[in-house]
Amino acid sequence: MGSHGDSSSLVWVLDKKFAIFSTVAFAFLIRVLVSLHPYSGAGNPPLYGDYEAQRHWMEITVHTPVKEWYRNTTDNNLSYWGLDYPPLTAYQSYSHGLALQALDPQSVALHTSRGYETRRSKLLMRWTVLTSDAIIFFPAALYFIAVYYNGRKDEDLVWAHALILLQPCAILIDHGHFQYNCISLGLTVGAIAAVFSTRELVACVLFCLALNHKQVLARLAPLERGIYEDYVSSFWCCTSLLIKWKQRFSMSTLSYFALGATLTASLPSMVQQISAPSHRGFLYALLNSSFAFYLFSYQVHEKSVLLPLLPASLLVLDEPFLFKWLTINSMLSMYPLLRRDGLTICYIALLFLFILMYYAPMQSKEDGSRSNYIAQRFPKFWWALISFYTLFLVMLHVLYLFVQPPTRYPFIFEAVITACAFSQFAILAIYTNIKQWRLPIDKAHSSDVKEKVN
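As the structure is a computational prediction, the values presented were derived from the model and not from experiment.

A few words on the overall build of the protein chain. A count of helical and extended segments in the protein chain gives 19 helices and 0 strands. Per-residue burial over the protein chain gives 48% buried out of 454 residues. Taking contacts inside the protein chain between residues at least 6 apart in sequence as the whole, the part at least 24 apart equals 77%. Total accessible area on the protein chain stands at roughly 22800 Å², and carbon and sulfur atoms take up 67% of it.

This brings us to the pattern of salt bridges. For the coordinates displayed, the defined rule picks out 8 salt bridges. Across the pair Asp-50 and Lys-303 runs a salt bridge, and its minimum N-O distance is 2.8 Å. Here Asp-50 is found in helix H2 (residues 50-63), whereas its partner Lys-303 is found in the loop between helix H13 (279-296) and helix H14 (306-314), with 253 residues between them in sequence. A single burial state applies to Asp-50 and to Lys-303, both of which are buried.

What follows is about helix H8 (residues 200-214). Along an α-helix, residues three or four apart share an orientation, since each turn contains 3.6 residues. Between its first and last C-alpha, H8 extends 21 Å over 15 residues, near the 21 Å set by a 1.5 Å rise per residue. Buried within H8 are the following residues: Ala-203, Leu-206, Ala-210, His-213 and Lys-214. End-on view of H8: buried residues confined to an arc of 95°, all on one side of the axis. Taken together, the buried residues of H8 touch helix H3 (87-103) and helix H7 (181-196).

As a further point, take the packing of aromatic side chains. In this structure the tally under the stated criterion is 32 aromatic pairs. Their ring planes at 70° and their centres at 5.2 Å tell us that Trp-69 and Tyr-91 sit as a pair that is edge-to-face. With Trp-69 in the loop between H2 and H3 and Tyr-91 in helix H3, this residue pair connects regions lying 22 residues apart in the sequence. Consider the rings of Trp-245 and Phe-257, whose centres lie 6.5 Å apart with planes at 80°: the pair is edge-to-face. Taken together, the residues span a long stretch of sequence, with Trp-245 in helix H11 (residues 245-248) and Phe-257 in helix H12 (residues 251-275) at a distance of 12 residues. Note on Trp-245: relative accessible area 9%, which makes it buried. Taken together, Phe-235, Trp-236, Trp-245, Phe-249, Phe-257 and Phe-296 form an aromatic cluster joined through their ring pairs. Cation over ring: Arg-114 sits above Tyr-80, and NZ or CZ is 3.9 Å from the ring centre. The ring of Tyr-400 is capped by Arg-339, whose NZ or CZ atom sits 4.6 Å from the centre of that ring.

It is worth spelling out the nonpolar core at this point. Where a protein is soluble and globular, its nonpolar side chains tend to be buried together. By size, the foremost hydrophobic cluster in this structure holds 104 residues, and its most contacted members are Phe-137 and Phe-144. The greatest single-element share of this core, amounting to 12 residues, is contributed by helix H15 (residues 320-340). Apart from the residues lying within four places of it in its own chain, the contact partners of Phe-137 are Ser-132, Ile-164, Leu-165, Cys-182, Leu-185, Gly-186, Val-189 and Leu-310. The next biggest cluster of nonpolar side chains, apart from the first, holds 6 residues, and it includes Trp-57, Ile-60, Trp-69 and Tyr-85.

Bringing the environment of Asp-133 into the picture now. Position of Asp-133 relative to the elements: it lies in helix H4 (residues 119-148). The spacing of Asp-133 and Tyr-180 is 47 residues in sequence and 8.1 Å in space, taken between C-alpha atoms. Every residue in contact with Asp-133, bar those within four places of it in the chain, is listed here: Arg-31, Phe-138, His-175 and Cys-182.

What follows deals with a nonpolar patch on the surface. The grouping of Leu-267, Met-270, Val-271, Ile-274 and Trp-437 at the surface amounts to a nonpolar patch, some 520 Å² of accessible area in total. For the nonpolar patch, the element with the most residues is H12, which contributes 4 residues. With respect to the secondary-structure elements, Ile-274 resides in helix H12.

The next subject is the side chain of Thr-262. Here Thr-262 shows up in helix H12. The exposure class of Thr-262 is buried, given its relative accessible area of 13%. Ignoring sequence-local partners within four residues, the contact set of Thr-262 consists of Ala-292, Phe-293, Phe-296 and Ser-297.

Further remarks concern the packing of helix H6 (residues 168-178) against H15. Interhelical geometry of H6 versus H15 gives an angle of 25° and a closest axis separation of 9 Å. Between H6 and H15, the angle is such that the two are roughly parallel. Here Pro-168, Cys-169, Leu-172, Ile-173 and His-177 of H6 come into contact with H15, specifically with Thr-327, Ser-330, Met-331, Met-334, Leu-337 and Leu-338. Among the residues forming the contact of H6 with H15, the class breakdown is 8 nonpolar, 3 polar and no charged.

Conventions adopted
Residues numbered from 1 in each chain as written. Predicted model: local features only at pLDDT ≥ 70, side-chain atom pairs only at ≥ 80, totals over all residues. Heavy atoms only, no water. Helix = DSSP H or I, 4+ residues; strand = E, 2+ residues; numbered from the N terminus. Buried < 20%, exposed > 50% of the residue type's maximum accessible area, 1.4 Å probe, protein only. Contact = heavy atoms within 4.5 Å. Areas by Shrake-Rupley, 256 points an atom, 1.4 Å probe, with all protein chains shown as cover. Salt bridge = Lys/Arg side-chain N within 4 Å of Asp/Glu carboxyl O. Expected span 1.5 Å × (residues − 1). Arc of directions from axis to C-beta. Phe/Tyr/Trp six-rings, centres within 6.5 Å; stacked < 30°, edge-to-face > 60°. Lys NZ or Arg CZ within 6 Å of the ring centre and 35° of its normal. Core = buried A, V, L, I, M, F, W, Y, C linked by side-chain atoms within 4.5 Å. Patch = residues over 30% accessible without salt bridge, like charges linked within 9 Å, V, L, I, M, F, W, Y side chains within 5 Å. Axes fitted to C-alpha atoms, helices over the stretch in contact; angles between N-to-C directions. Parallel < 35°, antiparallel > 145°, perpendicular 65-115°, else oblique. Nonpolar A, V, L, I, M, F, W, Y, C, P; charged D, E, K, R; others polar.

Nothing here speaks to function; it is geometry throughout.
In structure tokens, the structure reads:
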């Protein structure tokens, strides 16, 4: 009996490790495949795009003194993709730049490497993102799963782990469009997991690193750009058809409007978490504050939707439909950007892959039925609305791909996409705020927090 029990435990451990390894390997392979496609600004001078911005930062940090990284000098013309992210991003660019200088010096040569796009340099640039993702985000996601969902069934954990790693928006932005969001998002996930495992110092360090990788004042309040840019699914952009915000109000006034709206939208969630703190409430608070930022803050970009997507993905076992619906509409909101980058095939493939993984059947329950986390019960009326909206989105994608817009309204499809995504984000934000306030009070956790405060 003893040897049989030991062998069963060994098989269980091996199966679990194999499932984790397979998930990680598959997620990494998907990123590699996406990286074979075009990126932002490919072959489009004179400024190219985000790919060139990241390469140029490597060039500058490798060849100029630290004190000149953020200054306009002879060797660092800030009008050409000036480094405007915090120091951690600068040192990340420096470390990656050293690797490129060793393997392909011309790709980061000072002054002469602008728009440098050889096959070798593109391969090296792509690998800097792939390794960053694998080193930072992948282990952070596994750490969170192990801490927050501890005690759940193994098949549940594998399913959640797979959906977090295969979240299509983050893959397309980092490994398609070309950015390093995996670093700041991975540090944030690690900080959240550290909070849940009562490692406050580790959480502080990781969260500070995340802030110092992506956030800087000039980025948070770029007043000169206006309250919105392009077609983004924010409140200000969507309501601009009715209220000409940019024409009726000054940039300074609009910045105060945005600040007030963002704080107001964040306040209920913060009050609830402070008054009745809990781990699940903390994730809802992160989600709701991210929604507030995305919907109402000043100068939001399409890629900012990754902020609410992160806590939504971490809630996948608690709110599977929320995560699925937010992902689908986030993909919709980014589609015009991704289409401009030539990533339509990747967009379609990853969306179908995500839906396939979401509906993947789990192991049978004891009663023989199939468990797949999608059997959430909604009234038939709501299912009818969801089905109609989904069909409308399919038709909208087809029209946007194959039909020329009217000459009088050249951006009509972008406007409709923006309005659709915004409507769903607003509904989900209302739902998650209500859901957070209805959470049961975790008396044990609340007592622990009050003791630490006192």
